Amino acid sequence: MLDQSAPPTAGEPAARKTSALAALTRRKPVEDLVAEGGQGEGGSLRRSLSMWQLTMISIGATLGTGIFVVLGEAVPKAGPAVTLAFVIAGLTALFSALSYAELAGSIPVAGSSYSYAYATMGELVAWVCGWCLVLEYGVSVAAVAVGWGEYLNELLDGTLGVTLPDALSAAPGEGGLINLPGLVVVLLAMVFLLGGARESAVVNTVMVAVKIAALALFCAIGFMGFKSGNYADFMPLGVTGVGAASATLFFSYIGFDAASTAGEEAKNPKRDLPRAIMLSLLIVTVLYVLVAAVAVGAWKWTDFADSEATLAAILNDVTGKTFWGTLLAAGAVVSIASVVLTVLYGQTRVLFAMSRDGLAPKVFGRVSGKTGTPRTNTVLVSLFCGALASVIPLGKLVDATSIGTLFAFALVNIAVVVLRYTRPDMPRTFKVVLGPVLPALGLVFCVYNMFGLDTVTWVVFGCWMAVGLVFYFLYGMRRSRLASEQK
């Protein structure tokens, strides 16, 4: 150890530099991550989720605002080629999902990509990844909640002939004072999560069934208004427009990450997590492309620009009646709420894992002995997300979510290759085929989609990362459990 009272020697600065580098790159052994599974301050998470429930969590977190609301944001960027944009975003998600499936089967813990990075690339990278997940989950909960409010207004208009005034249903930047529905749906999700993971999973499964039925209804009725001429100018805004739409639509695919955060509450995570991730992605991609194809066939792409509750509006236009649009809006209100529920769940579990490692305050790691849930964590995260939903417009929330997700997914694609080389003999219940080729493609697609986002989004992301690094060096680096264990 260096003598702080002695004059510095020629080798001392180099020693200090090496020590600092070692602190930033220290890795947490996979065995330690798995052994700590479920353990928290004052209690433990309960293993109660089956493979079917994990799949429903993944679908519940994925299938929602991305198709019910964000479709209206993406079509003006790509035109009819929005269907191609969905495929590109889906391929990006597929390559990353393969990497997630391998790591989830090998390291089934609540931290998801944060924990994968901690085991492979060291503490600083893990912190950056975890900070991105906080952005991804927290902001996406808010974005989904904003979309829920749009369909709630559609439902109220169709059933009671009234809508909430802009002052109570729109963000300050869009002519309102507060988005009250966005705040309310987050608080409702909080109540369900406080009851326990198993109870929340049952509620989510019912909601997923409703949303699939609603989308099937849209395709059946929307197809009656299909006009092939709407596809005549397939790519009016060129490749650049498709890239921009793909980057925005990637927001629609982030849900499978939520399944990986359930690693410490799954009954058989090493077997069930990879299956749930891949099955959910397949179901969601097929539904997205089908719904997008029918929507653009029923409406000219230029009609999407000023539309809210897009799918309900299309059904009203095709049938000339408000009944079907109202019915779809009712399904959307239920189904979008399930996205809020499951993504909020994922956010709390990532912070739970970071808290256990000492990189986030202990309050996020406390577990109720009665319900087996991190209750204080859930309340704090819900209040934060509800506040975002009540004051920030949808478009900015979607792009901020996308860039955080893409960055985290890029790190997962790197992590799976690193773990292959550093721990080649470690048991794996699922392996990505073609070695490093598919993870490399996943990395390339993630970077491509990140550069499709606008400058403002990059500035927000840069500021977010700067704040995160300050927090790490002032708090996390000093309080890291791994650091104290290595002294």
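Computed from a predicted structure; not experimentally measured.

A. Quick peek at the overall build of the protein chain. Within the protein chain, the regular secondary structure consists of 21 helices and 2 strands. Classification of the 487 residues of the protein chain by burial places 58% in the buried group. Within the protein chain, contacts between residues separated by at least 24 positions form 84% of all contacts whose residues are at least 6 apart in sequence. Just so you have it, the protein chain exposes about 18,500 Å², and 67% of that area is on carbon and sulfur atoms.

B. Geometry of the confidence of the model for the protein chain. Looking at the protein chain as a whole, its pLDDT mean stands at 78, while 87% of the residues score no less than 70. Averaged pLDDT values over the elements of the protein chain bottom out at 56 in helix 1 (residues 12-25) and peak at 86 in helix 14 (residues 269-298). Predicted confidence for residues 1-18 stays below pLDDT 50, and this span has 5 contacts to residues more than four positions away or in other chains.

C. Spatial organisation of the pattern of salt bridges. According to the stated counting rule, one finds 2 salt bridges in the structure shown. Between arginine 420 and glutamate 102 there is a salt bridge, and its shortest N-O distance comes to 2.8 Å. With a gap of 318 residues between them, arginine 420 in helix 18 (residues 394-422) and glutamate 102 in helix 6 (residues 82-106) connect regions that are remote in the sequence. The salt bridge involving arginine 271 is made with aspartate 272; its shortest N-O contact spans 2.7 Å.

D. Representation of helix 3 (residues 51-62) in the model. The end-to-end C-alpha distance of helix 3 is 17 Å, a good match for the 16 Å that 12 residues give at a rise of 1.5 Å each. For helix 3, the elements touching its buried residues are helix 11 (197-222), helix 13 (256-260), helix 14 and helix 16 (323-356).

E. The packing of helix 6 against helix 12 (residues 238-249), seen in detail. Where helix 6 meets helix 12, the closest approach of the two axes is 8 Å, and the angle between their N-to-C directions is 55°. Classified by the angle between their axes, helix 6 and helix 12 sit oblique to one another. Like other packed secondary-structure pairs, helix 6 and helix 12 cross with a definite hand, here right-handed. Side by side, helix 6 and helix 12 meet where Val82, Leu84, Ala85, Phe86, Ile88 and Ala89 of the first sit next to Val242, Ala245, Ser246 and Leu249 of the second. Of the residues in the contact of helix 6 with helix 12, the class split is 9 nonpolar, 1 polar and no charged.

F. Fine view of the environment of threonine 405. Relative to the assigned elements, threonine 405 resides in helix 18. Classification of threonine 405 by relative accessible area gives buried; the value is 0%. Sequence spacing of threonine 405 and cysteine 129 is 276 residues, and the spatial spacing of their C-alpha atoms is 9.3 Å. Residue contacts for threonine 405: discarding those within four places in its chain leaves Glu136, Phe250 and Ile254.

G. The arrangement of the packing of aromatic side chains in detail. A complete count under the given rule lists 19 aromatic pairs for this structure. Ring plane angle 50° and centroid distance 5.4 Å describe the contact between phenylalanine 95 and phenylalanine 445, whose orientation is recorded as tilted. Of this pair, phenylalanine 95 sits in helix 6 while phenylalanine 445 is found in helix 19 (residues 437-450), placing the two residues 350 residues apart along the sequence. Accessibility expressed as a relative area gives 11% for phenylalanine 95, which makes it buried. For the pair phenylalanine 226 and tyrosine 231, a centre-to-centre distance of 5.9 Å together with 25° between the ring planes defines the contact as stacked. A residue is classified by how much of its surface remains accessible, and phenylalanine 226, at 34% relative accessible area, is partly exposed. Among the aromatic residues, those joined into a ring-pair cluster are Trp127, Trp131, Trp464, Phe471, Tyr472, Phe473 and Tyr475.

H. Broad picture of the side chain of serine 355. Looking at the secondary structure, you find serine 355 in helix 16. Owing to a relative accessible area of 7%, serine 355 belongs among the buried residues under this scheme. Ignoring anything within four residues of it in the chain, the contact list for serine 355 reads Ala360, Pro361, Lys362, Phe364 and Gly365.

I. Seen up close, the environment of arginine 423. With respect to the helices and strands, arginine 423 occurs in the loop between helix 18 and helix 19. Note: C-alpha distance between arginine 423 and threonine 120 (303 residues apart in sequence) is 9.5 Å. Excluding residues that lie within four positions of it along the chain, arginine 423 makes contacts with Val30, Glu31 and Arg428.

J. Layout of the packing of helix 3 against helix 11. Closest axis-to-axis distance for the helix 3/helix 11 pair is 9 Å, and the angle between their directions is 60°. As judged from the angle between their axes, helix 3 and helix 11 are oblique. For the crossing formed where helix 3 meets helix 11, the hand is left-handed. Between helix 3 and helix 11, the residues in contact are Trp52, Gln53, Met56, Ile57, Ile59 and Gly60 and Arg198, Ala201, Val202, Asn204, Thr205, Val208 and Lys211, respectively. Classifying every residue of the contact of helix 3 with helix 11 gives 7 nonpolar, 4 polar and 2 charged.

K. Spotlight on the side chain of serine 106. Tracing the backbone shows serine 106 in helix 6. For serine 106, the side chain forms a polar contact with the main-chain oxygen of glutamate 102, separated by 2.9 Å. With residues near it in sequence (within four places) discarded, serine 106 still touches Val30, Val34, Lys270, Met426, Pro427 and Arg428.

L. Fine view of a nonpolar patch on the surface. Together, Leu84, Val87, Leu91, Phe234, Met235, Val239 and Tyr448 line one region of the surface with nonpolar side chains, adding up to about 550 Å² of accessible area. Ranked by the residues each element gives to the nonpolar patch, the list is headed by helix 6, at 3 residues. When you line up the elements, phenylalanine 234 lands in the loop between helix 11 and helix 12. Given the relative accessible area of 31%, phenylalanine 234 is considered partly exposed.

M. Focus on the nonpolar core. Ile67, Phe68, Leu71, Phe86, Tyr151, Phe218 and Leu311 are the most contacted members of the largest nonpolar core, which has 141 residues in total. Counting residues per element, this core draws most heavily on helix 8 (residues 123-159), at 19 residues.

N. Focus on the environment of glutamate 150. Within the secondary structure layout, glutamate 150 lies in helix 8. Overall, glutamate 150 belongs to the buried group, its relative accessible area being 18%. For glutamate 150 and glycine 182, which are 32 residues apart along the polypeptide, the C-alpha to C-alpha distance reads 9.3 Å.

Parameters at a glance
- Residues numbered from 1 in each chain as written.
- Predicted model: local features only at pLDDT ≥ 70, side-chain atom pairs only at ≥ 80, totals over all residues.
- Heavy atoms only, no water.
- Helix = DSSP H or I, 4+ residues; strand = E, 2+ residues; numbered from the N terminus.
- Buried < 20%, exposed > 50% of the residue type's maximum accessible area, 1.4 Å probe, protein only.
- Contact = heavy atoms within 4.5 Å.
- Areas by Shrake-Rupley, 256 points an atom, 1.4 Å probe, with all protein chains shown as cover.
- pLDDT = per-residue confidence, 0-100.
- Salt bridge = Lys/Arg side-chain N within 4 Å of Asp/Glu carboxyl O.
- Expected span 1.5 Å × (residues − 1).
- Axes fitted to C-alpha atoms, helices over the stretch in contact; angles between N-to-C directions.
- Parallel < 35°, antiparallel > 145°, perpendicular 65-115°, else oblique.
- Left-handed = near helix turned anticlockwise from the far one by under 90°.
- Nonpolar A, V, L, I, M, F, W, Y, C, P; charged D, E, K, R; others polar.
- Phe/Tyr/Trp six-rings, centres within 6.5 Å; stacked < 30°, edge-to-face > 60°.
- Polar contact = N/O pair within 3.5 Å; in protein donor to acceptor, adjacent residues only side chain to side chain.
- Patch = residues over 30% accessible without salt bridge, like charges linked within 9 Å, V, L, I, M, F, W, Y side chains within 5 Å.
- Core = buried A, V, L, I, M, F, W, Y, C linked by side-chain atoms within 4.5 Å.

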